[in-house]
Amino acid sequence: MFKKEYVASYLKWGFLSALAFCIPMFIFLSSEDFVSTWLLFLGNAIVMVVIGAYMLALNKSKGENASTQTMVAAGHIATIVGIIISCIVAAIALPMFIPDIFSGGKSDGALVNAPSQTGTGKTNGLIFILFMCATVGNFCFGSFASFMIPYTARKNQTKDRKSEVLNN
């Protein structure tokens, strides 16, 4: 369905967006305090900047007149690759930062001062918050960049070329 020439760029920019999310995520996991959840949202915002940079780089490589459909599709594919990598890294990092996450009883790495709405589970909603930011947050921020940049970055706004990413 997708052209093979773009796969390397999807993986590269998806990896960069995952790295952009994972750095604040590691800082959040090491703090063990609910007050630091803003770091996860900072990671989502950095993902948006990375996907926006990908859109601009893709447009520049096509002579600043890339197809809008091409850039939107490429941005979403890179966002989804970044989400998959972020979730894999989060699943590996959780047992490293909270070793007793799979043992019985309350975890020592539970969020401190967590509000009651976050859940009363083993970690006071830490796993839920982490994976919701890694999936829904990254998708929303990455999609925002994928939709906004292609419509504003093109040099010629009057005509649109046929998509180069999708084999129609």
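What counts and what doesn't
Residues numbered from 1 in each chain as written. Predicted model: local features only at pLDDT ≥ 70, side-chain atom pairs only at ≥ 80, totals over all residues. Heavy atoms only, no water. Helix = DSSP H or I, 4+ residues; strand = E, 2+ residues; numbered from the N terminus. Buried < 20%, exposed > 50% of the residue type's maximum accessible area, 1.4 Å probe, protein only. Contact = heavy atoms within 4.5 Å. Expected span 1.5 Å × (residues − 1). Patch = residues over 30% accessible without salt bridge, like charges linked within 9 Å, V, L, I, M, F, W, Y side chains within 5 Å. Areas by Shrake-Rupley, 256 points an atom, 1.4 Å probe, with all protein chains shown as cover. Salt bridge = Lys/Arg side-chain N within 4 Å of Asp/Glu carboxyl O. Core = buried A, V, L, I, M, F, W, Y, C linked by side-chain atoms within 4.5 Å. Axes fitted to C-alpha atoms, helices over the stretch in contact; angles between N-to-C directions. Parallel < 35°, antiparallel > 145°, perpendicular 65-115°, else oblique. Left-handed = near helix turned anticlockwise from the far one by under 90°. Nonpolar A, V, L, I, M, F, W, Y, C, P; charged D, E, K, R; others polar. Disulfide = S-S within 2.5 Å.

Can you break down the overall build of the protein chain residue by residue, with the values?
A tally of helices and strands in the protein chain yields four helices and zero strands. Secondary structure elements in the protein chain, listed N-terminal to C-terminal, are α-α-α-α. Within the protein chain, the fraction of its 168 residues that count as buried is 46%. Taking all contacts inside the protein chain whose residues are at least 6 apart in sequence as the whole, residues at least 24 apart take part in 73%.

Summarise helix H2 (residues 38-61); cite the residues concerned and give the values.
Here H2 contains 24 residues, and its C-alpha end-to-end distance of 35 Å stays within 8% of the 34 Å for a straight helix at 1.5 Å per residue. When we look at burial in H2, the residues that qualify are Leu39, Leu40, Gly43, Asn44, Val47, Val50, Ile51, Gly52, Tyr54, Met55, Leu58 and Asn59. For H2, the elements touching its buried residues are helix H1 (7-31), helix H3 (68-97) and helix H4 (126-153). Downstream of H2 by a residue or two, Gly63 has a phi angle that is positive, lying close to 75°.

Requested: an account of the environment of Ile23, with residues and values cited.
Tracing the chain through its elements places Ile23 in helix H1. When the C-alpha atoms of Ile23 and Leu42 are compared, they prove to be 10.0 Å apart, with 19 residues separating the residues in sequence.

Got a sec to walk through a nonpolar patch on the surface? Specific residues and values, please.
A cluster of nonpolar side chains, contributed by Ile80, Ile84, Ile88, Ile92, Met96 and Phe139, occupies part of the molecular surface with about 590 Å² of accessible area. Locating Phe139 in the fold gives a position in helix H4.

How would you sum up the nonpolar core? Please name residues and give values.
Counting residues in each nonpolar core, the largest one holds 35 residues, and the members touching the most others are Phe21, Met25, Leu29, Leu40, Tyr54, Leu94 and Leu130. The element that contributes the greatest number of residues to this core is H3, accounting for nine residues. When near neighbours in sequence (up to four residues on either side) are disregarded, Met25 contacts Leu40, Val89, Ala90, Ala93 and Leu130.

Residues and numbers for the packing of H2 against H3, please.
Taken N-terminus to C-terminus, the directions of H2 and H3 make an angle of 140°; their axes are 10 Å apart at the nearest point. One element, H2, and the other, H3, form an angle in the oblique class. As for the relative orientation of H2 and H3, their crossing is right-handed in sense. Facing H2, whose interface residues are Ile51, Tyr54, Met55, Leu58 and Asn59, H3 presents Thr70, Met71, Ala74, Gly75, Ala78 and Thr79. Partitioned by chemical class, the residues of the contact of H2 with H3 number seven nonpolar, four polar and no charged.

Residues and numbers for the environment of Ile77, please.
Considering the arrangement of structural elements, one finds Ile77 in helix H3. The class of Ile77 is buried, set by a relative accessible area of 17%. Sequence separation between Ile77 and Leu11 is 66 residues; the distance between their C-alpha atoms is 9.1 Å.

Summarise H1; cite the residues concerned and give the values.
Counted at 1.5 Å a residue, the expected span for H1 with its 25 residues is 36 Å, and the 36 Å between its end C-alpha atoms agrees. Here the buried face of H1 lies against H2, H3 and H4.

Lay out the state of the cysteines with the relevant residues and their values.
According to the stated counting rule, one finds zero disulfides in the structure shown. There is no disulfide at Cys22, and the cysteine sulfur nearest it, in Cys87, is 9.1 Å away. The class of Cys22 is buried, set by a relative accessible area of 5%. Since its relative accessible area comes to 18%, Cys87 is described here as buried.

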